[in-house]
There are 2 protein chains.
Amino acid sequence: MIYEEPYTLPYYLTTQKQTVNLATLVNMLLMGSEHQLDQLGAGVDALLAHGLGWVITQYEIKINAMPPVETPLVLGTQATTYNKLMTYRDYWVADLAGHKLATMRGAWVMMDLDSRKLVPILPEFPEKVGAVSDTLVQRFSRLPKLERIDVDVPYRVRYFDIDGNRHVNNVHYFEWMEDSLGYDFLSQHDIESVQIKYAREVTYGSTPHAQAQIEGNTTHHQIVSDGVVNAEATFVWHQRD
Amino acid sequence: MIYEEPYTLPYYLTTQKQTVNLATLVNMLLMGSEHQLDQLGAGVDALLAHGLGWVITQYEIKINAMPPVETPLVLGTQATTYNKLMTYRDYWVADLAGHKLATMRGAWVMMDLDSRKLVPILPEFPEKVGAVSDTLVQRFSRLPKLERIDVDVPYRVRYFDIDGNRHVNNVHYFEWMEDSLGYDFLSQHDIESVQIKYAREVTYGSTPHAQAQIEGNTTHHQIVSDGVVNAEATFVWHQRD
């Protein structure tokens, strides 16, 4: 079932382009789905009662235009299908005329919070939000390994990178990946698409590095801390007018 | 004249305490006044037409409770008085029962954007928002110099620290000052009051240091870059229950 709600991004989240960054885009899209889950009794608290939590494995984001601040928008989301180990969800943000500014697709798994191991999806949760059982495993693009490290920037984890679940919120990886590209690149390019795959949580007290390989309008990224990869991503950009 | 508007902080700006941090509190309060200024034709764009901009010199903030996320709140503001060189404005955030969660008082000056020099207040701007001409110079607490540096943490300026005016937004100083106190202090204390005085803009490409002297429940802060002080502050805290 489709869920939509009105939302206006506050001015204080603007970038110098008068839009928001990737981290805020994803935060906003996830807020829509959290509101749906809470309204249907399938939210974080309901899942916690089973000793379980949701873990994101992969997002694919397509961006026609980064959402502007101080402009009425509509957030939308729909849990689509689930199989034994994964559930899939679509997200979008549109203007009031119904034009989609950005869409996102995510693949989620369930984790036992005691053992920290993945467990089969508890069907009542996707069913509550209208997802359909389907053995199909949705495809996401393969992410190439970095062949070369063109930029390598350390980001000490800060206190406010910790979220309400007392974990380093992985949305911050987007801030680090974008920032690592530097002022000139970011001023001159707008983002078109994102593929990101999460591998391992970043821990408080660590200093992850955002590493990137820049190939024209495509940038390949990884977040690495303590010798392990936390996430990999590929961004596609175009030159700003 | 008093301006008020409803506002709900989004979940994605939560700290692990389920409230927001100082930077978000100040951002939210300023948003209220920007909306008032825009509605009355006295906003950033109107002032820019005169080659002028507002510059904050000092804030005093009193906090009964940091605002919770996902809870309907009311933002309020009132430009109070102005004299030859300063205008003063009050800000508050209240719950729906009218209880003020936090209040802020600010002293603003006008700057000529070409010469980067302070100029006398153009009276039509404070008059438009109902401020009263009054020669009284409002007092703000004096801020002591640091006698000792207990913590000293570098914060490289990031691309997204630049705001819609293409300057490093000085609200980020609050993030740096708070973060510099570290996980244990921040987890165990809640903030009660803030005095901050701005001296000089931080520039993109620099790495300001947040330095602090910790005296029990009082912390004295300064932001220093390239050998000059950008801002000084004193925060008062209490132990969390």
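Asks: Explanation requested: helix α4 (residues 172-180) of chain A in the structure shown.
Replies: An α-helical turn contains 3.6 residues, so any two residues separated by three or four positions project in the same direction. Of all nine residues making up α4(A), eight are buried, and the element is well covered by its neighbours. Positive phi shows up at A:Gly182, right after α4(A), with a value of about 85 degrees.

Asks: Before we go on, may I ask you to explain the interface of chain B and chain A in this structure?
Replies: In many reports, interface size means the accessible area that the parts give up when they come together. Residue-level contacts link 39 residues of chain B with 39 residues of chain A. Interface area for chain B against chain A, summed over the two sides, is near 3,500 Å², with a carbon-plus-sulfur share of 53%. Here chain B is connected to chain A by two salt bridges. A salt bridge links A:Arg156 to B:Asp179; the shortest N-O distance between them is 3.1 Å. Secondary-structure elements contributing two or more residues to the side of chain B that touches chain A are α1 (22-39), α4 (172-180) and α5 (182-188) of chain B. When residues of the side of chain B that touches chain A are assigned to their parent elements, the largest contribution, six residues, is made by α1(B).

Asks: Please explain the relation of the copies chain B and chain A as it appears in this structure.
Replies: For the pair of chain copies, the relating transformation is a rotation about an axis with a translation along it. Once chain B has been moved 0.0 Å along the axis and rotated by 180 degrees, it coincides with chain A to within an RMSD of 0.0 Å. Such a combination of turn and shift is consistent with a two-fold rotation axis. Of the residues that chain B buries at the interface, 100% are likewise interface residues in chain A, meaning the two copies contact each other through the same surface.

Asks: What should I look at first to understand the packing of α1(B) against α4(B) in this one?
Replies: Residues and elements named next belong to chain B. α4 packs onto α1 with a crossing angle of 160 degrees between their chain directions and a minimal axis gap of 8 Å. Between α1 and α4, the angle is such that the two are roughly antiparallel. In this structure, α1 meets α4 at a crossing whose hand is right-handed. Of the residues in α4, those in contact with Leu22, Ala23 and Val26 of α1 are Phe174, Glu175 and Glu178. Looking at the contact of α1 with α4, its residues break down into four nonpolar, no polar and two charged.

Asks: Where do I start with the pairing of strand β4 (residues 87-95) of chain B in this structure?
Replies: A regular strand carries its side chains on alternate faces of the sheet. Residues and elements named next belong to chain B. Of all nine residues in β4, seven are buried; the element is thus mostly enclosed. As paired elements, strand β3 (residues 72-82) and β4 share eight bridges and run antiparallel to each other. Bridging across to β4, Ala79 finds its partner in Arg89. Hairpin remark: β3 followed by β4, antiparallel, with four residues in the connecting loop. Both β4 and strand β5 (residues 100-112) contribute to a ladder of eight bridges, which runs antiparallel. Directly across from Val93, in β5, lies its bridge partner Ala102. Linking β4 to β5, which pair antiparallel, is a turn of four residues; within it Gly98 sits at a positive phi near 90 degrees.

Asks: Help me out: how do you make sense of the confidence of the model for chain A in this one?
Replies: Detailed reading of the predicted coordinates is not advisable wherever pLDDT falls low. Looking at chain A, pLDDT values average 96 and 100% of them are 70 or higher. If you check the scores for this complex, the pTM reads 0.96 and the ipTM reads 0.95.

Asks: Please explain the environment of A:Leu48 as it appears in this structure.
Replies: All names here are of chain A. Along the polypeptide, Leu48 turns up in helix α2 (residues 44-48). In this structure Leu48 comes out as partly exposed when scored by relative accessible area, which is 47%. Separated by 108 residues in sequence, Leu48 and Arg156 have C-alpha atoms that sit 30 Å apart.

Asks: Looking at this structure, I do not really get the packing of aromatic side chains. What am I missing?
Replies: What describes a pair of aromatic rings is the distance from one ring centre to the other and the angle between the planes of the rings. Residues and elements named next belong to chain A. Summed over all chains, the structure comprises 20 aromatic pairs over all chains. An angle of 15 degrees between the planes, with centres 6.0 Å apart, marks the rings of Tyr155 and Trp176 as stacked. Here Trp176 lies in helix α4 and Tyr155 lies in the loop between β8 (151-154) and α4, a separation of 21 residues in the sequence. Trp176 carries the same exposure label as Tyr155, and that label is buried.

Asks: So what exactly am I meant to see when it comes to the nonpolar core here?
Replies: Soluble globular proteins tend to bury their nonpolar side chains together. Formed by 110 residues in total, the largest nonpolar core has its most connected members in A:Leu25, A:Tyr59, A:Phe174, B:Leu25, B:Tyr59 and B:Phe174. The residues contacting B:Phe174, other than those within four sequence positions of it, are B:Leu22, B:Ala23, B:Val26, B:Ile61, B:Val194, B:Ile196, B:Tyr198 and B:Phe235.

Asks: Quick question: what am I supposed to make of the pairing of β5(B) here?
Replies: Residues and elements named next belong to chain B. Among the 13 residues that make up β5, ten are buried, leaving the element largely enclosed by the rest of the structure. Note: strand β2 (residues 52-63) against β5, eleven bridges, orientation antiparallel. Across the sheet, Ile56 pairs through a bridge with Trp108, a residue of β5. Direction of pairing for β5 relative to strand β6 (residues 117-119): antiparallel, over a ladder of three bridges.

Asks: Help me out: how do you make sense of the pattern of salt bridges in this one?
Replies: When the charged atoms of two side chains lie near each other, side chains of opposite charge can form a pair. All names here are of chain A. Taken as a whole and judged by the stated rule, the model has 16 salt bridges over all chains. Here Asp190 makes a salt bridge to Arg240, at a shortest N to O gap of 2.8 Å. Note that Asp190 is positioned in strand β9 (residues 189-198) and Arg240 in the segment after β12 (228-239), a separation of 50 residues in sequence. Exposure remark for Asp190: the relative accessible area of 24% places this residue in the partly exposed category. Through salt bridges with shared partners, a single network forms among Lys17, Asp190 and Arg240.

Definitions and cut-offs
- Position labels on residues start from 1 in each chain and follow its written sequence.
- Naming scheme: in the order in which they are written, chains are lettered from A and ligands are numbered from 1.
- In keeping with the model being predicted, local features are shown solely for residues with a pLDDT of at least 70 and side-chain atom pairs are shown and tallied solely at 80 or more, while totals for entire chains, interfaces and linings include all residues.
- To get the side-chain values, take all heavy atoms of the structure and skip hydrogens and water.
- With a 1.4 Å probe rolled over the protein chains alone, any residue whose accessible area is under 20% of its type maximum counts as buried; one over 50% counts as exposed, and the rest are partly exposed.
- In DSSP terms, a helix is any run of H or I states spanning at least four residues, a strand is any run of E spanning at least two, and both are numbered starting from the N terminus.
- It only takes one pair of heavy atoms within 4.5 Å for two residues to be counted as in contact.
- By convention, the term buried area covers the 1.4 Å-probe accessible surface removed from two parts as they join, with the contributions of both added.
- Each salt bridge in this description consists of a side-chain nitrogen of Lys or Arg and a carboxyl oxygen of Asp or Glu lying within 4 Å of one another.
- A residue counts toward the fit only if its pLDDT is at least 70 in both copies, and the copies are then superposed by least squares on the C-alpha atoms of those residues.
- In this analysis an axis means a line fitted to C-alpha atoms, helices contributing only their contacting stretch, and an angle means the value between N-to-C directions, from 0 to 180 degrees.
- For this classification, under 35 degrees means roughly parallel, over 145 means roughly antiparallel, 65 to 115 means roughly perpendicular, and everything else is oblique.
- Left-handed describes a crossing whose near helix is turned anticlockwise from the far helix through less than a right angle; right-handed describes the clockwise counterpart.
- By the convention adopted, Pro, Cys, Tyr, Trp, Phe, Met, Ile, Leu, Val and Ala count as nonpolar, Lys, Arg, Asp and Glu as charged, and the other residues, Gly among them, as polar.
- When DSSP finds two or more bridges between a pair of strands, those strands are recorded as paired.
- For every residue, the pLDDT score states the predictor's confidence, bounded by 0 at the bottom and 100 at the top.
- Ring pairs shown here join Phe, Tyr and Trp side chains whose ring centres sit within 6.5 Å, with only the six-membered ring taken for Trp; geometry is labelled stacked below 30 degrees between planes, edge-to-face above 60, and tilted in between.
- Only buried Ala, Val, Leu, Ile, Met, Phe, Trp, Tyr and Cys residues count toward a nonpolar core, and they belong to the same one when joined by side-chain atoms within 4.5 Å.

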